[in-house]
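For reference, the chains in residue letters:
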Amino acid sequence: MLRSAVVLAAVGLAAAGDGWVQDRTGDGVTVFTKEVPGYGLKAFKAVTRVNVGVDAVAALIGDAGSFPKWYADCSENRILKKLGPNEYLSYFVNDSPFPVTDRDSIMHTVVAQDAQTRAVTFTMVGKPKEAPENPDRVRVPRVEGRWTLLPISAEETEVTLEMKSDPGGSVPAFLANQQVTVGPHKTLLNLRKWVQKPRYKNAKVDYATVEVTYGQ
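Basis of the calculations
Residues numbered from 1 in each chain as written. Predicted model: local features only at pLDDT ≥ 70, side-chain atom pairs only at ≥ 80, totals over all residues. Heavy atoms only, no water. Salt bridge = Lys/Arg side-chain N within 4 Å of Asp/Glu carboxyl O. Helix = DSSP H or I, 4+ residues; strand = E, 2+ residues; numbered from the N terminus. Buried < 20%, exposed > 50% of the residue type's maximum accessible area, 1.4 Å probe, protein only. Core = buried A, V, L, I, M, F, W, Y, C linked by side-chain atoms within 4.5 Å. Pairing = 2+ DSSP bridges. Contact = heavy atoms within 4.5 Å. Phe/Tyr/Trp six-rings, centres within 6.5 Å; stacked < 30°, edge-to-face > 60°. Lys NZ or Arg CZ within 6 Å of the ring centre and 35° of its normal.

Chemist: Is there a simple way to think about the pattern of salt bridges in this case?
Modeler: Oppositely charged side chains can pair when the atoms bearing their charge come close. For the structure on display, the rule yields 5 salt bridges. Here Asp-63 and Arg-199 are joined by a salt bridge, their closest N and O atoms 3.7 Å apart. One end of the pair, Asp-63, is in the loop between helix 2 (54-62) and helix 3 (67-70); the other, Arg-199, is in helix 5 (residues 198-201), and 136 residues separate them in sequence. Judged by relative accessible area, Arg-199 falls into the partly exposed class, the value being 37%.

Chemist: Is there a simple way to explain the nonpolar core in this structure?
Modeler: Considering soluble globular proteins, one finds that nonpolar side chains tend to be buried as a cluster. Counting 43 residues, the largest nonpolar core has Val-57, Trp-70, Tyr-71, Phe-122, Trp-147, Leu-149 and Leu-191 as the members making the most contacts within it. Among the elements that make up this core, the one with the highest residue count is helix 2 (7 residues).

Chemist: Can you help me understand the pairing of strand 4 (residues 74-84) in this one?
Modeler: The side chains of a regular strand alternate, residue by residue, between the two faces of the sheet. One ladder, built from 8 bridges, connects strand 4 with strand 5 (residues 87-94); its direction is antiparallel. Looking at the pairing, Ile-79 lines up with Ser-90 of strand 5. Hairpin connection between strand 4 and strand 5: a loop of 2 residues separates the two successive antiparallel strands.

Chemist: Even after reading the chapter, I still don't get the pairing of strand 7 (residues 120-126), so can you show me in this structure?
Modeler: Residue alternation in strand 7 divides its side chains into a buried set, Val-120, Phe-122, Met-124 and Gly-126, and an unburied set, Thr-121, Thr-123 and Val-125. With 7 bridges joining them, strand 6 (residues 103-113) and strand 7 adopt antiparallel strand pairing. Within strand 7, the residue paired with Thr-109 across the bridge is Met-124. Remark: 6 residues form the turn of the hairpin made by strand 6 and strand 7, two consecutive strands paired antiparallel; Arg-118 in that turn has positive phi of roughly 70°.

Chemist: Would you mind showing me how to read the environment of Leu-89 here?
Modeler: Its place among the elements puts Leu-89 in strand 5. Of the residues examined, Leu-89 reaches a relative accessible area of 5% and is grouped as buried. Residues Leu-89 and Gly-126, 37 residues apart in the sequence, show an inter-C-alpha distance of 9.4 Å. In this structure Leu-89 touches Arg-78, Ile-79, Leu-80, Lys-81, Leu-83, Ile-106, Met-107, His-108, Lys-127 and Glu-130, once residues within four positions along its chain are discounted.

Chemist: Help me understand the packing of aromatic side chains, please; the structure alone is not making it clear to me.
Modeler: Geometry of an aromatic ring pair is reported as the spacing of the ring centres plus the angle between the planes. This structure, assessed with the given rule, holds 8 aromatic pairs. With a centroid separation of 4.8 Å and an interplanar angle of 55°, the aromatic rings of Phe-67 and Trp-70 are classed as tilted. Linking Phe-67 with Trp-70, this pair stays in helix 3, spanning 3 residues, or about one helical turn. With respect to class, Phe-67 is no different from Trp-70; both count as buried. On the basis of an interplanar angle of 50° and a centroid distance of 6.5 Å, the ring pair of Trp-194 and Tyr-200 is categorised as tilted. For the pair shown, Trp-194 and Tyr-200 are each scored as buried. In this structure an aromatic cluster arises from ring pairing among Phe-67, Trp-70, Tyr-71, Phe-92 and Trp-147. Positioned above the aromatic ring of Trp-194, the side-chain terminus of Lys-197 is 4.6 Å from the ring centre. Positioned above the aromatic ring of Tyr-214 is the side chain of Arg-199, whose terminal nitrogen or guanidinium carbon lies 3.9 Å from the ring centre.

Next comes the structure, spelled out in structure tokens:
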């Protein structure tokens, strides 16, 4: 417990220098937020550490169909098109509470690994015009995000999820707060559990092609 507190304190000091303000912390996950001009919601950065190697986390994030089971408020996520060996278009649906209309996003994701640090990134940019709109959902007009998986050791990875978005239309204050604090916190808590499943924990990833060999 002491070690976790020291780690989270160190992360907090590093994030504060970039204008991030700690908004929520607990159970090994810390969420920071900051205002970003031109976006309808605050940006968030959620950080945790997991006791698995970087391949396990990358395998989970690369398993698009698994998102509704662990990513907070996601009711659908699927690959629309492979654009290259390490990039793809995906369709993501955010399930909003009644009477707010669900939001959907078309995400262009590029996966890369740093040759020196071995950190893996999933960099996401919204491409709202890349697929027809669903009349029952509001298409998110602007969104950018990134997963950063930094290997601390062979059996420990620091996971950071950053996101900024304009959800389109009006969003009640309670829901806006949930999207940038409660949701990211819950997402990383769930990720910490899901990466321990043998399918992901024993996976191997080829980052040149983003091909995953899942474990048993």
